[in-house]
Amino acid sequence: MHLSKDVDFLQRSSRSAERHANLSLFQAFCTQVRVIFALIMRETLTRYGRENIGFLWVVGEPILFCGGVAVVWTAVRPSHEHGLQMTAMVITGYIPLTMFRHALSRSTKAYEVNSSLLFHKLVTPLDIIFARTTLEVLGVLIAAIIITFGAIILGYMAPPVDWSFTYAGLFFVIFFSYGVSFIFAYLTERSDTLEKAVGVINYLSLPWTGAFVMIDWLPPQYRWILEDTSPLANAIELMRSGVFGSKVVAHYSLMYLFYTCGITFLIGLYLTLKIRPHINMS
Amino acid sequence: MIGLRCVDLTKCYNLGHKKNTVLDKVNFSVKKGEKLGILGRNGAGKSTLIKVIGGVEPITSGNIEYNMTVSWPLAFGGAFQGSLSGHDNLRFICRVYDLDYNETLDYVQGFAQLGKQFYDPVKTYSSGMHARLAFALSLAIEFDCYLIDEVIMVGDARFAQRCEDELFGKRADRTLLIVSHNMDFMRQVCDRAVLLHNKKIHESSSVDEAIYSYFSL
C-alpha cells in the first residue's frame, strides 16, 4: 500500500521539473506572478515572523509612523497652515514620503541578502526587487487607507474634493518609488560606498520631496527647484490638488510626471535585467 | 544520450582588481542516467562547477548545453532561508514550483522525518537534518539530474537507507553529479569519475583510476 502510493507520487507529471522548461509567453507570465507572490509571502515571514501580530506589522509599521506623526503634529501645531488643515497636510505629505523612503531603504543590497533565492532558476532578480518593493508599497497603501479614513471619520480631515486627482498623484508616487527602488538595488549592489550613503541621501532628500510644503508657499524664484527637479513633489502637489481642491494653487505637470517616472522606471528595469552577473552568491 | 555538455566553460571571479580563474575552458559531457563523481582537492573549483551547472553562478565564457532538467545544487548553505522554518521553506518551494502543498508536505515529512523541528528555523538544524531537508525538498520535484555537493555524506544510517531507496532505487534512471571526498562512497555509487585539477577536467577510464590519480596529486 505504502509503496504504491510512493510510485504514484513518482509518476505524477505534475511534479516534474520538465514542465517549467520551454514556457510559452503566457505560461512564463503565470510563473512570474506565482514566483513574485511566493517571494512576497516569504519576505513577510522573514521580516516579521510569527510572533505577536506577525505579518500585520507590514501595515502596523507605517501606521505607527505616519499615524504617530499625524497625531503629534495635529496636537502641537496650529490646526491650519496657509488656510489648509494640518492633519490633511501631514497625511498627504507623510504617506508618499514613507512609501518612497521605505522602498528606497529596502532596496539597498536587496540582491545580496536574497542571493540564496537565486538557487532556484525560476526566481530572477527582477522578481526579487519587484516583490520587495511591492510589499513596502502595499503595506504603506493599506496604512494610508486606514489613517485617511480614520482622520476623516474623526473629523480631523475633510474628504478629498476630487478623488481622481488624489489617486493619480498616488499612482505617480508608487510608479516613481518602483523606479527608484530598482535603480538603487542595482547601484548599491555594485558599490559599497553608495550603500553607506543611502541613509544620508534618504535624509538629505527630505526637503526635496516637497512633503512638508506646497510649492506655492515658496518664493516664485525658487519654485523651479521642486517643480522641475522633483517628480515626488509634483506627484504630491497633484495629490493635494485633489484633497484640497480650489483652496490651493497646485504646481504640477502631468507630462513631466509621466516622462520622469516613466524614464526612471525604464532605467531601473534595464539595470535590473543587467544585474545578475554582479550578484555575489553566498 | 547526452544529458548536458560543457563547451569551453570558463569561470572567473573578480576579487577587487584581481581576476581569479577557477575553471579554464573546461570541456566534458554527461550522459543521461550517468552517475558522475567529481574529485579534486579543496578549492579546486568543484563546488563552483556544480553551481555553474546548476545555473546559480553565471558563466564567464563558454557554454553549457542542457538536454535535461537540472536541480539546484544540494549543498550546505544556499537554497534555504535560515531564519525560516523547514515548513516555510517547503511552502516557498511549493509556490515557486507550483506543487500541491498537501502532497509535498506528506512526502517531505515522510522522507526527512524532522518531526517537530520541521517547524523550527532552519538555522537551528544540525548538518544531518539540513541534508535531510535539502534532499526531501529537491526530490519532491522530479528533476532529470541532481547536483549533490558533499551534503549526502552527513546523514545517519536511516537517512542513508532512505537515500538508497529514493535516489538509487526508485530514481535509478536519473543523472547524478556528485562532489565528495569520501572515496568509498564514490566507488560504490559512481559509474564514472573525473578529476578537477589546475582549472581543468581530467577524464579517467574508470572510477578507480580517477581515485588513484586524485591520491597521487
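Criteria and thresholds
- All residue numbers here refer to positions counted from 1 along the written sequence of the relevant chain.
- For this description, chains carry letters from A and ligands carry numbers from 1, given in the order in which they are written.
- Per-residue local features are limited, in this predicted model, to residues with pLDDT of at least 70; the limit for side-chain atom pairs, both in listing and counting, is 80 or more; totals at the level of whole chains, interfaces and linings are taken over all residues.
- The basis for every side-chain value is the complete set of non-hydrogen atoms in the structure, without hydrogens or water.
- UniProt positions are given in the numbering used here, feature names are shortened, and annotations may be inferred rather than shown by experiment.
- The helix count covers DSSP runs of H or I at least four residues long, the strand count covers runs of E at least two residues long, and both are numbered beginning at the N terminus.
- The rule is simple: take the accessible area with a 1.4 Å probe, protein chains only, and divide by the maximum for that residue type; under 20% is buried, over 50% is exposed, in between is partly exposed.
- Here a residue-residue contact requires only that any non-hydrogen atoms of the pair lie within 4.5 Å.
- Positive charges come from Lys and Arg alone, negative charges from Asp and Glu alone, with His and the N- and C-terminal ends not counted.
- For charged residues, the charge sits on one atom: NZ in Lys, CZ in Arg, CG in Asp, CD in Glu.
- Aromatic rings from Phe, Tyr and Trp, with only the six-membered ring used for Trp, were paired whenever their centres fell within 6.5 Å, and each pair was classed as stacked if the ring planes differed by under 30 degrees, edge-to-face if by over 60, and tilted otherwise.
- By definition here, charges over rings are those cases where NZ of Lys or CZ of Arg is within 6 Å of the ring centre and within 35 degrees of the ring normal.
- How far a helix is expected to stretch is found by multiplying one less than its residue total by 1.5 Å.
- A patch consists of residues exposed above 30% relative accessible area that lack any salt bridge, with like charges linked at up to 9 Å and nonpolar side chains (Val, Leu, Ile, Met, Phe, Trp, Tyr) linked at up to 5 Å.
- Reported accessibility uses the Shrake-Rupley method at a 1.4 Å probe radius. Residues are deemed covered only where the shown protein chains occlude them.
- In what follows, salt bridge is the name for a side-chain nitrogen of Lys or Arg lying within 4 Å of a carboxyl oxygen of Asp or Glu.

- An unreviewed UniProt entry lists chain B under the name ABC transporter ATP-binding protein, with Bombella pluederhausensis as the source organism.
- The UniProt entry for chain B carries the following text under Sequence similarities (unreviewed entry): "Belongs to the ABC transporter superfamily."

- Taking an unreviewed UniProt entry as the reference, chain A is identified by name as ABC transporter permease belonging to Bombella pluederhausensis.
- For chain A, the Subcellular location (unreviewed entry) comment in UniProt is given as "Cell membrane".

1. Details of the overall build of chain A
For step 1, the next point in the chain: If you tally the helices and strands in chain A, you get 11 helices and two strands.
For step 2, the next point in the chain: If you list the helices and strands of chain A from N to C, you get α-α-α-β-β-α-α-α-α-α-α-α-α.
For step 3, the next point in the chain: Over its C-alpha atoms, taken along the principal directions, chain A stretches across nearly 75 × 40 × 35 Å.
For step 4, the next point in the chain: Counting across all 282 residues of chain A, residues that qualify as buried make up 51%.
For step 5, the next point in the chain: The long-range fraction of contacts in chain A, counting pairs at least 24 apart against all pairs at least 6 apart in sequence, stands at 73%.
For step 6, the next point in the chain: Positive and negative side-chain charges of chain A, numbering 21 and 18 respectively, have mean locations separated by a distance of 6 Å.

2. Thoughts on the packing of aromatic side chains
For step 1, the next point in the chain: Taken as a whole, this structure holds 22 aromatic pairs over all chains when the rule is applied.
For step 2, the next point in the chain: Ring centres of Phe175 of chain A and Phe265 of chain A lie 5.5 Å apart, and the angle between their planes is 50 degrees; this geometry places the pair in the tilted category. One end of the pair, Phe175 of chain A, is in helix α7 (residues 163–190); the other, Phe265 of chain A, is in helix α11 (residues 254–274), and 90 residues separate them in sequence.
For step 3, the next point in the chain: Aromatic side chains Phe182 of chain A and Phe265 of chain A sit 5.5 Å apart centroid to centroid with 35 degrees between the ring planes, which places their arrangement in the tilted category. On the criterion of sequence distance, the pair formed by Phe182 of chain A in helix α7 and Phe265 of chain A in helix α11 is long-range, its members being 83 residues apart.
For step 4, the next point in the chain: Clustering of aromatic rings is evident, with ring pairs tying together Phe130, Phe171, Phe172, Phe175, Tyr178, Phe182 and Phe265 of chain A.
For step 5, the next point in the chain: Residue placement shows Arg77 of chain A over the ring face of Trp73 of chain A; its charged tip is 4.5 Å from the ring centre.
For step 6, the next point in the chain: One residue, Lys11 of chain B, lies across the ring of Tyr13 of chain B, its end atom 4.9 Å from the ring centre.

3. Considerations on helix α6 (residues 125–153) of chain A
For step 1, the next point in the chain: In this model α6 of chain A runs 42 Å from its N-terminal to its C-terminal C-alpha over 29 residues, within 8% of the 42 Å that 1.5 Å per residue would give.
For step 2, the next point in the chain: Just past α6 of chain A, the residue Gly155 of chain A takes up positive phi, approximately 85 degrees.

4. Details of a nonpolar patch on the surface
All names here are of chain A.
For step 1, the next point in the chain: Where nonpolar side chains cluster on the molecular surface, the patch consists of Ile142, Ile145, Ile146, Phe149, Ile153, Trp163 and Tyr167 and spans about 730 Å² of accessible area.
For step 2, the next point in the chain: At the level of elements, α6 and α7 are the ones that each hand at least two residues to the nonpolar patch.
For step 3, the next point in the chain: At five residues, the largest contribution of residues to the nonpolar patch is made by α6.
For step 4, the next point in the chain: Along the chain, the position of Trp163 falls in helix α7.
For step 5, the next point in the chain: On the basis of relative accessible area, Trp163 is assigned to the partly exposed category, the value being 33%.

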